[in-house]
Amino acid sequence: MKKIKVAVVGCGAIAQRRHIPEYAANPNVEFVAFVDPVIERAEELAAKYNAKAFTSYEAMLSEIKPEAVSVCTPNYLHAPVTIAAANAGAHVLVEKPMASTDEEAAAMIEAASKNGVYLMVGHNQRLMPPHVKAKQLLQSGALGRVLTFRTSFGHPGPEGWSVDGKGSWFFRKEEAIMGAMGDLGVHKSDLIRYLLDDEVAQVTGYIGTLDKEGTDVDDNATCLLRMKSGAIGTLVASWTYYKGEDNSTVFWCENGVMKIGTDPKDQIIVELRNGTVERYNVGAISTNDKQETSGVVDAFIESLLTNTKPSISGEEGRKSLAVILAAFESQATGRVISL
Ligand SMILES: NC(=O)c1ccc[n+]([C@@H]2O[C@H](COP(=O)([O-])OP(=O)(O)OC[C@H]3O[C@@H](n4cnc5c(N)ncnc54)[C@H](O)[C@@H]3O)[C@@H](O)[C@H]2O)c1
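Residues numbered from 1 in each chain as written. Predicted model: local features only at pLDDT ≥ 70, side-chain atom pairs only at ≥ 80, totals over all residues. Heavy atoms only, no water.

Novice: What's the story with the site of the ligand in this structure? I'm lost.
Specialist: Taken together, 29 residues sit near the ligand, with Asp36, Asn75, Trp161, Ser162 and Trp169 positioned nearest. One of the side-chain nitrogen or oxygen atoms of Arg41 is found 2.8 Å away from an oxygen atom of the ligand. Here His78 contributes a side-chain N or O atom positioned 2.8 Å from an oxygen atom of the ligand. Considered on its own, the ligand offers 850 Å² of accessible surface; in the complex 92% of this is hidden by protein. A majority-of-atoms criterion places the ligand in the largest pocket. Ranked by residues supplied to the shell around the ligand, first place goes to helix α1 (residues 13-24) with three residues. Looking at the shell around the ligand residue by residue, the class counts come to 14 nonpolar, 10 polar and five charged. (Near = heavy atom within 4 Å. Polar contact = N/O pair within 3.5 Å; in protein donor to acceptor, adjacent residues only side chain to side chain. Areas by Shrake-Rupley, 256 points an atom, 1.4 Å probe, with all protein chains shown as cover. 1 Å grid on protein atoms, 1.4 Å probe; cavity = no way out; pocket = protein on both sides within 12 Å on 5 of 7 lines; lining within 4 Å. Sits in = over half its atoms within 2 Å of the grid points. Helix = DSSP H or I, 4+ residues; strand = E, 2+ residues; numbered from the N terminus. Nonpolar A, V, L, I, M, F, W, Y, C, P; charged D, E, K, R; others polar.)

As structure tokens, then:
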């Protein structure tokens with residue numbers, strides 16, 4: 001069987017913990033290159049997987065011509081690396097947030113389309129078993145219309161996650177562009193759009209740097225969202241949940257409530273107004289401490305093998321990013337932003 005030649009650009013935490021092991025476990029993949037300015041990171045992986053190490057993605061793209069590229073770099077490089085890879089004829093799986101601006105996101109989509117390659121965004125929350133089940137339950141209609149919701153994602157911050165710890169790019173605004181909101185908030189804007197099959201109509205954001213020292217990227221955000229359907233809810237992202245890490249979503253609906261990720265054992269609990277309680281143990285939601293297989297890499301490879309556009313496309317990533325950018329605009333102007 002012909003294997004897809006994959007290059008990984010950025011060999012830090014997300015590459016090491018999810019992309020690389022998931023590619024390695026996929027029988028249809030062959031690694032051809034690893035890129036990182038910290039060359040030892042790339043070299044170690046290149047030696048392990050019999051591939052080449054590079055410090056520059058431009059040099060890698062012109063020398064190797066990979067068929068697919070994972071972009072696992074700091075945020076400010078997502079657009080330039082994606083566009084360069086697409087122009088070199090490679091399909092791209094880019095980490096979230098897909099870009100720093102809407103213009104960049106549009107240019108990435110355009111580059112993929114112009115070159116006839118696929119662009120997928122690593123919005124792995126959609127594929128987590130509790131969220132897959134939650135979508136089914138919402139679609140079944142048993143809960144009725146969603147009236148209001150809250151979705152939140154908080155952990156102690158990227159210093160405990162990034163390969164560079166406290167010295168990480170996550171805390172440098174020129175490279176991160178956005179802090180907790182871009183890191184965690186965009187997961188939740190994507191999840192809400194996906195689970196509700198609805199778009200965000202209006203956003204108000206309160207975003208600040210409350211506790212992380214020596215940085216001006218945001219470490220906390222609380223946003224109000226009004227959906228096109230009329231549902232109203234809150235979206236919270238935090239890097240200062242030093243205790244009580246949280247990745248949960250609750251929907252209050254006409255016929256009851258659905259709680260996702262609020263119970264240590266059952267990932268979904270549905271309580272209906274008629275007194276029925278349903279509990280679903282369907283598999284964990286990933287946390288920083290306990291990584292679950294994301295499914296993103298398998299979905300990306302499957303789409304290349306079957307020549308099918310990825311469902312978590314550039315267009316989807318762009319809409320989820322737009323919500324986050326609107327929240328920043330709201331914070332800056334003090335206004336409600338309509339999308
Ligand atoms: N989907 C998820 O759940 C999830 C989780 C964590 C991070 N991420 C995203 O993944 C991306 C990477 O984050 P991370 O946690 O791996 O960060 P990290 O700090 O652990 O690693 C980043 C790596 O990129 C390298 N790098 C810097 N400049 C580069 C360049 N020009 N070319 C190639 N590599 C370069 C760094 O040397 C480092 O090794 C970010 O966009 C982040 O938002 C996604």
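Novice: What exactly am I supposed to notice about the pattern of salt bridges here?
Specialist: Should their charged atoms come close, side chains of opposite charge can pair. The tally for this structure, following the rule as stated, stands at 20 salt bridges. Glu316 is the salt-bridge partner of Arg193, the closest N and O atoms lying 3.2 Å from each other. On the criterion of sequence distance, the pair formed by Arg193 in helix α8 (residues 180-196) and Glu316 in helix α10 (residues 314-333) is long-range, its members being 123 residues apart. Arg193 sits in the buried class, given a relative accessible area of 4%. Residues joined by salt bridges that share partners form a network here, namely Arg126, Asp190, Arg193, Glu199, Glu316 and Lys319. (Salt bridge = Lys/Arg side-chain N within 4 Å of Asp/Glu carboxyl O. Buried < 20%, exposed > 50% of the residue type's maximum accessible area, 1.4 Å probe, protein only.)

Novice: Can you help me understand unusual backbone geometry in this one?
Specialist: Residues other than glycine predominantly adopt negative phi, and peptide bonds predominantly adopt the trans conformation. Across the junction of Lys96 and Pro97, the peptide omega takes the value -15 degrees, indicating a cis bond. Secondary-structure assignment places Pro97 in the loop between β5 (91-94) and α5 (102-115). Positioned with a positive phi, Ile177 is a non-glycine residue whose angle comes to about 65 degrees. Along the chain, Ile177 turns up in the loop between α7 (173-176) and α8.

Novice: For this particular structure, what's the right way to read the layout of surface pockets?
Specialist: Rolled over the atoms, a probe with the dimensions of a water molecule shows which regions are left empty. In this structure, the largest pocket spans a volume of roughly 820 Å³. Looking at the lining of the largest pocket, the elements with two or more residues in it are α1 and α8. A total of four residues in the lining of the largest pocket trace back to one element, the largest contributor, which is α8. Here the lining of the largest pocket is built from residues that sort into 22 nonpolar, 18 polar and nine charged. (Points joined across faces, edges and corners; volume = space filled by probe spheres on them.)

Novice: I would appreciate a short explanation of empty space enclosed by the protein in the present structure.
Specialist: With the rule as written, the count across this model stands at one cavity of 30 Å³ or more. Computed from the structure, the largest cavity encloses a volume of approximately 50 Å³. Around the largest cavity sit Ile14, Arg18, His19, Glu95, Gly122, Asn124, Ser294, Val296 and Val297, which together line it. Those elements giving two or more residues to the lining of the largest cavity turn out to be α1 and α9 (296-306).

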